[in-house]
Amino acid sequence: MRLLITGATGFIGARLAVLARDAGHEVVATGAINNTAERERCESLARSGIEVVVGSLLADDLAPAVTRGCDGVVHLAAAQHEAHRDDAYFQRVNVEGTTRLLQAAADAGLSAREP
């Protein structure tokens, strides 16, 4: 299964990407790089052979590009309160970014399934 994991530069996403790959899935990892820890996780994923696409789900072309050809999506990307940003930032990243991802997944032929 080709699996997209958003938020893969985060603590949980990076570990999930490796576990999914080790379980036999082809993994596409995406996330932002806002600090040294995220950069190190991104580099570690790439060194381990996981495809990493750096960027924001708010970018017009990112969500369609990363969902294309995927069989499933694990969406972990989110703005964290540690960013000390205003409410509009969280609305834009967490709601608009998720909306864009959902639309791109639907356009790519993915549909919600119960586990």
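Calculation rules
- Residues take numbers from 1 onward in each chain, read along the sequence in its written order.
- Whole-chain, interface and lining totals are the exception, using all residues; otherwise, since this is a predicted model, local features are given only for residues with pLDDT of at least 70 and side-chain atom pairs are given and counted only at 80 or more.
- Side-chain numbers come from the whole structure's heavy atoms, not from hydrogens or water.
- Method remark: on a 1 Å grid restricted to protein atoms, a set of points is classed as a cavity if a 1.4 Å probe fits but cannot get out and as a pocket if it is open with protein on both sides within 12 Å along at least five of seven lines; lining residues have an atom within 4 Å of a point.
- Grid points are joined across faces, edges and corners, and a volume is the space filled by probe spheres set on the points.
- Runs of H or I in DSSP of at least four residues are treated as helices and runs of E of at least two as strands, each being numbered from the N terminus.
- In the scheme used here, Gly and all other residues not listed as nonpolar or charged are polar, with Ala, Val, Leu, Ile, Met, Phe, Trp, Tyr, Cys and Pro taken as nonpolar and Asp, Glu, Lys and Arg as charged.
- Polar contact is defined as a pair of N or O atoms within 3.5 Å, subject to the rule that within protein one atom must be able to donate a hydrogen and the other to accept it, and that residues adjacent in sequence are counted only when both atoms are side-chain atoms.
- The contact criterion used is simple: two residues touch if any of their non-hydrogen atoms lie within 4.5 Å.
- Classification of residues uses two cut-offs on accessible area relative to the type maximum, computed with a 1.4 Å probe and protein chains only: under 20% is buried, over 50% is exposed, and between them is partly exposed.
- At least two bridges found by DSSP between two strands are what make those strands a pair.
- All axes here are fitted lines through C-alpha atoms, helices being fitted over the stretch that makes contact, and every angle between N-to-C directions spans 0 to 180 degrees.
- Note on aromatic contacts: the rings of Phe and Tyr and the six-membered ring of Trp form a pair at centre separations within 6.5 Å, being stacked when their planes are under 30 degrees apart, edge-to-face when over 60 apart, and tilted otherwise.
- For a Lys NZ or an Arg CZ to count as sitting over a ring, it must be within 6 Å of the ring centre and within 35 degrees of the ring normal.

A.B. asks: Whenever I open this one, the layout of surface pockets confuses me. Can you help?
C.D. replies: Space inside the largest pocket adds up to approximately 770 Å³. Considering the residues around the largest pocket, the lining is formed by 35 residues, among which A32, N34, E38, A78 and A79 are closest to the centre. The set of elements that each furnish at least two residues to the lining of the largest pocket consists of α1 (11–22), β2 (26–31), α2 (36–47) and α4 (87–107). Among the elements that line the lining of the largest pocket, the one with the most residues is α4, at five residues. Of the residues assigned to the lining of the largest pocket, the class counts are 15 nonpolar, 15 polar and five charged.

A.B. asks: For this particular structure, what's the right way to read the side chain of T9?
C.D. replies: On the secondary structure map, T9 appears in the loop between β1 (2–6) and α1. Engagement of the side chain of T9 in a polar contact is seen with the backbone oxygen of A32, the distance being 2.6 Å. When near neighbours in sequence (up to four residues on either side) are disregarded, T9 contacts T30, G31, A32, I33, E38, R41 and C42.

A.B. asks: Is there a simple way to explain the side chain of T67 in this structure?
C.D. replies: Note on placement: T67 falls in helix α3 (residues 62–67). For T67, a relative accessible area of 1% gives the class buried. Only 3.5 Å separates the side chain of T67 from the backbone oxygen of A104, close enough to count as a polar contact. What T67 contacts, discounting residues up to four positions off in sequence, is L4, L101, A104, A105, A108 and L110.

A.B. asks: I tried to follow the sheet that holds strand β4 (residues 72–75) on my own but got confused; where do I start?
C.D. replies: Strand pairing within a sheet occurs via backbone hydrogen bonds; the two strands may be parallel or antiparallel. Read across the open sheet, the four strands follow the order β3-β2-β1-β4; overall the sheet is parallel. Both outer strands of the open sheet, β3 (51–54) and β4, are each paired with one neighbouring strand and no more. The sheet shows a mean angle of 20 degrees between the axes of neighbouring strands, direction not considered. Helix-sheet contacts for α1 involve β1, β2 and β4, and the interaxial angle to β1 is about 170 degrees.

A.B. asks: Can you walk me through the packing of aromatic side chains in this structure?
C.D. replies: Centre-to-centre distance and the angle between the planes together describe a pair of aromatic rings. By the definition in use, this model includes one aromatic pair. On the numbers, 5.6 Å between centres and 80 degrees between planes, the contact of Y89 with F90 is edge-to-face. Here Y89 and F90 have matching classes, each one buried. Of note, R15 hangs over the ring of F11, and the distance from its end group to the ring centre comes to 3.8 Å. In this arrangement the basic side chain of R85 is found over the ring face of Y89, its NZ or CZ atom lying 4.0 Å from the centre.

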